[in-house]
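Observations on chain architecture
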Amino acid sequence: MVIDEVDTCFFYDDGPGLREELKYWRKDLGVTLSGIPLDNPVIPASGTFGYGAEFAELYDIDCLGTFSFKGTTLEPRFGNPTPRIAEAPQGMLNAVGLQNPGVEKVISEELPRMKEFFHKPVMANVSGFSIDEYAQTCALLDKEEQVGWLEVNISCPNVHGGGMAFGSSPEAAAEVTRAVKAVTKKPVFMKLSPNVTDIAAIARACEDAGADGVSLINTLLAMRIGLKTKKPVLANGTGGLSGPAVFPVAVRMVYQVYEAVGIPIIGMGGVSSPEDVIEMMLAGATAVEVGAANLVDPFVCRNIIRKLPEVMEQYGIDSLTDIIGGAHHG
Amino acid sequence: MIRDLYHIHSNKWLTGDIWEMRLIGDVYPITAPGQFINVKADGHFLRRPISVCDWDEETAMITIVYKVVGKGTEALSRMQSGQALDVLCGLGNGFDVSKCGKKTLVIGGGAGVPPMYGLAKELLRAGKTPVAILGFNTIEEMFYADDFQALGIETIVTTVDDSFGVKGFVTDALPEEYDYFCACGPLPMLKAVSDAASTSGLLSFEERMGCGFGACMGCTCKTKYGDKRICKDGPVLEKEEIIW
């Protein structure tokens, strides 16, 4: 994200202007995710987009494919003590610890508010500390018309006694998948951790247990130590690494999982440009989430969508659907 | 909030680790003193939040005064006039001048002094009588005292080592009578001021941030009025809501 790349942020007409521009290129950006069509595959990732309100102040977020809202748990959570954020080469560490108002408030306050500025099915990101809690939260969100997909986070590295523990073994991942599938008719995407030896085995276990898709990767478990304090920078000690630094790891894992499963993959991890989106789709992603980049450039998702047709033209691509898993063929 | 490229008009060393940068660009996103901008230093992923010291619509100029505390701010200090800086402008909830009484203490400590300059100007514009109390460790670290004085307001400087002004901390220089206070500085100073002050007041806090505009929940703190994001709901909070 160098300064030369700032240029597109000078366009402030998102609605008609953006649509006109997309029409001009005659490119097909649309993809279908578990039977629900997306105008484009670009999805802000959970935890970097709140419940959308902060970004809706900046641009018309209806231009997004959808977005994955802040990880929601059954009970409200304050999260970890601060500092929760640290810098890394080409990336960042976070240990927010699933701060959220709890599913009831999300349903009674955030979803109605979201209706005013986002008019597409939204992806509900869910986390939990027990299988029962995952199921209860998903059952409540299942009733919400606005929710298109459930993205079940079994990979948060920043909370103890939950999160990543479920994503670290094929058996536990399958158990959460089955519990969630039993309470919802909405498509379920299991969000997987990269902090495992064989992510493909876990993806397969989710598929066998009935998952409609998988999302990967969550952040990589990491640490920074301050030289002045001689202590870990984050109050939590460890945190999750994200940003461009993890992009090649994410591409590799999406590629491996694509070979192992037949269900759609949402690819993420360090994506910050239209070129990254295309690379991720070639690896096997049907849709692509953008995370840490939103925090540095709040307009990045809109700018990626705006630039995608031009970059598609550059690489001789007419339809994004056609390139999904393209790196595996021939 | 906007994101834009701002042109560096000047970037000048003031004293110690303190630098003053003047930027040319849109000023309208700044609506209150105590707000901040989030700047992208070359070679660093996250932006650096820096409070706005002064802004002027006529010249389209924003002044920031920042302390070099790490590699990001060090990179910023090496930037030169004429270069462009990628900025998110107009962030945070600043000082609400309408809450301030006629005689409002404007208290800054060290790197917390800069936003108080813009606040003092706004208070004057609103017809109030601010009194500046600026705390430094030593005279070598002192900056902007003349600028406050040039506003024509009573300006008290304290130094811990008694090298200039009143000996001690800003709390050693609180006048007997005043209507309100606003403060920015290190956490121990904020707590000491809050404890010592006889009136209500506003305090500006610092925290490591991810985004700076309320999306990532990286800087949340607990208050008596609920969880608040320092970047979006703050950095300025009311004395009454703070849990120390």
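Residues numbered from 1 in each chain as written. Chains lettered and ligands numbered in written order. Predicted model: local features only at pLDDT ≥ 70, side-chain atom pairs only at ≥ 80, totals over all residues.

1. Brief notes about the overall build of chain B
When helices and strands are counted, chain B shows four helices and 15 strands. Relative to its full complement of 244 residues, chain B shows a buried share of 50%. Intrachain contacts of chain B at a sequence separation of at least 6 include 60% that bridge at least 24 residues. (Helix = DSSP H or I, 4+ residues; strand = E, 2+ residues; numbered from the N terminus. Buried ≥ 20, exposed ≤ 12 C-beta atoms within 10 Å, placed from the backbone. Contact = placed C-beta atoms within 7 Å.)

2. Here we look at the domain arrangement of chain B
Residues and elements named next belong to chain B. Domain annotation of chain B identifies domain 1 (2–91) and domain 2 (97–204). Counting only elements with at least two residues in the side of domain 1 that touches domain 2, the list comes to β1 (2–15), β4 (48–56) and β5 (61–67). Here the side of domain 1 that touches domain 2 takes five residues from β4, the largest share from any one element. Class assignment of the residues belonging to the side of domain 1 that touches domain 2 gives a composition of seven nonpolar, four polar and two charged. (Domains from an automatic or database assignment. Nonpolar A, V, L, I, M, F, W, Y, C, P; charged D, E, K, R; others polar.)

3. Details of the packing of helix α8 (residues 247–260) of chain A against helix α9 (residues 274–283) of chain A
Residue and element names in this part refer to chain A. Put simply, α8 and α9 touch, their axes get as near as 8 Å, and they point 30° apart. Looking at the two axes, α8 sits roughly parallel to α9. Residues F247, V251, V254, Y255 and Y258 of α8 lie in contact with α9, whose contacting residues are D276, E279, M280 and A283. (Axes fitted to C-alpha atoms, helices over the stretch in contact; angles between N-to-C directions. Parallel < 35°, antiparallel > 145°, perpendicular 65-115°, else oblique.)

4. A few points about unusual backbone geometry
A cis geometry characterises the amide bond from T82 of chain A onward to P83 of chain A, with omega recorded as 0°. A cis amide bond, omega 5°, links G234 of chain B with the succeeding residue P235 of chain B. Mapped onto the fold, P235 of chain B is located in the loop between β14 (226–229) and β15 (236–238). Located in the positive-phi region is D162 of chain B, a residue other than glycine, with phi close to 65°. Relative to the helices and strands, D162 of chain B is located in the loop between β9 (154–159) and β10 (166–167). The class for D162 of chain B is exposed, based on 12 C-beta atoms found within 10 Å.

5. Section: the sheet that holds strand β7 (residues 147–153) of chain A
Residue and element names in this part refer to chain A. Here seven strands make up an open sheet; going across it, the order is β3-β13-β12-β9-β8-β7-β6 and the pairing parallel. Single-partner strands in this sheet number two, and they are β3 (42–44) and β6 (122–126). Across the sheet, the mean angle separating the axes of adjacent strands is 30° when strand polarity is ignored. Here β3 pairs with strand β13 (residues 287–290) via three bridges, running parallel. Counted as the bridge partner of P44 is V290 from β13. (Pairing = 2+ DSSP bridges.)

6. A word on the confidence of the model for chain A
Within chain A, residue pLDDT values average 93, and 93% of them lie at 70 or more. Overall, residues 1–12 of chain A carries pLDDT values under 50, and its contacts beyond four positions in sequence, including any with other chains, amount to 15 contacts. (pLDDT = per-residue confidence, 0-100.)

7. Re the interface of chain B and chain A
Opposite the 25 residues of chain B that make contact, chain A presents 30 residues. Of all the secondary structure elements, the ones that give two or more residues to the side of chain B that touches chain A are β1, β6 (84–91) and β13 (220–223) of chain B. For the side of chain B that touches chain A, the leading source of residues is β13 of chain B, giving three residues.

8. A short note on the confidence of the model for chain B
Per-residue pLDDT for chain B has a mean of 96; in total, 100% of the residues score no lower than 70. Reported for the predicted complex are a pTM of 0.93 and an ipTM of 0.92.

9. Re the nonpolar core
Membership of the largest hydrophobic core comes to 178 residues, with the highest contact counts inside it found for L150, V152, V214, V254 and V288 of chain A together with I37 of chain B. When residues of this core are assigned to their parent elements, the largest contribution, eight residues, is made by α8 of chain A. Counting residues domain by domain, this core receives three or more from each of domain 1 (2–91) and domain 2 (97–204) of chain B. The residues touching I37 of chain B, leaving out its near neighbours within four places in the chain, are I50, V52, I62, I64, V87, L88, C89 and L91 of chain B. (Core = buried A, V, L, I, M, F, W, Y, C linked by C-beta atoms within 7 Å.)

10. Notes on the packing of helix α4 (residues 131–142) of chain A against helix α6 (residues 170–181) of chain A
Residue and element names in this part refer to chain A. Closest axis-to-axis distance for the α4/α6 pair is 8 Å, and the angle between their directions is 30°. In the crossing of α4 with α6, the sense of the turn from one axis to the other is right-handed. Note on element contacts: α6 touches α4 through E175, V176, A179 and V180, opposite I131, Y134, A135 and C138. (Left-handed = near helix turned anticlockwise from the far one by under 90°.)

11. Notes on the pairing of β13 of chain B
Residues and elements named next belong to chain B. Of the pairings in the sheet, the one linking β13 to β14 comprises four bridges and is antiparallel in character. Paired with K222 across the strands is D227, a residue of β14. Here β13 hands over to β14 after two residues, the two strands then running antiparallel side by side.

12. Observations regarding the environment of Q136 of chain A
Residue and element names in this part refer to chain A. In this fold, Q136 is placed in helix α4. You can call Q136 partly exposed: it has 18 C-beta atoms within 10 Å. C-alpha of Q136 to C-alpha of P248: the two residues are 112 residues apart in sequence and 35 Å apart in space.

13. Some remarks on the environment of K185 of chain A
Mapped onto the elements of the fold, K185 of chain A is located in the loop between α6 and β8 (188–191). C-alpha separation for the pair K185 of chain A and D142 of chain A, spaced 43 residues apart in sequence, amounts to 7.2 Å.

14. A look at the sheet that holds strand β10 (residues 220–222) of chain A
All names here are of chain A. With antiparallel pairing, the four strands of this open sheet are ordered in space as β4-β5-β11-β10. Two strands lie at the open edges of the sheet, namely β4 (85–88) and β10, each paired on one side alone. The sheet shows a mean angle of 35° between the axes of neighbouring strands, taken without regard to direction.

15. Considering helix α4 (residues 187–196) of chain B
Residues and elements named next belong to chain B. Those residues of α4 that sit buried are M189, L190 and V193. One face of α4 carries all of its buried residues, which in axial projection span an arc of 100°. Exposed side of α4, more than 90 degrees from the buried face: L187, P188 and D195 are the residues found there. (Arc of directions from axis to C-beta.)

16. With respect to the pairing of β7 of chain A
All names here are of chain A. The buried fraction of β7 is high, at six of seven residues. In this structure, β6 lies alongside β7, joined through five bridges in parallel fashion. Of the residues in β7, the one forming a bridge with V126 is V152. Sheet analysis places β7 next to β8, joined by four bridges and oriented parallel. Across the sheet, residue L150 finds its bridge partner in β8, namely V188.

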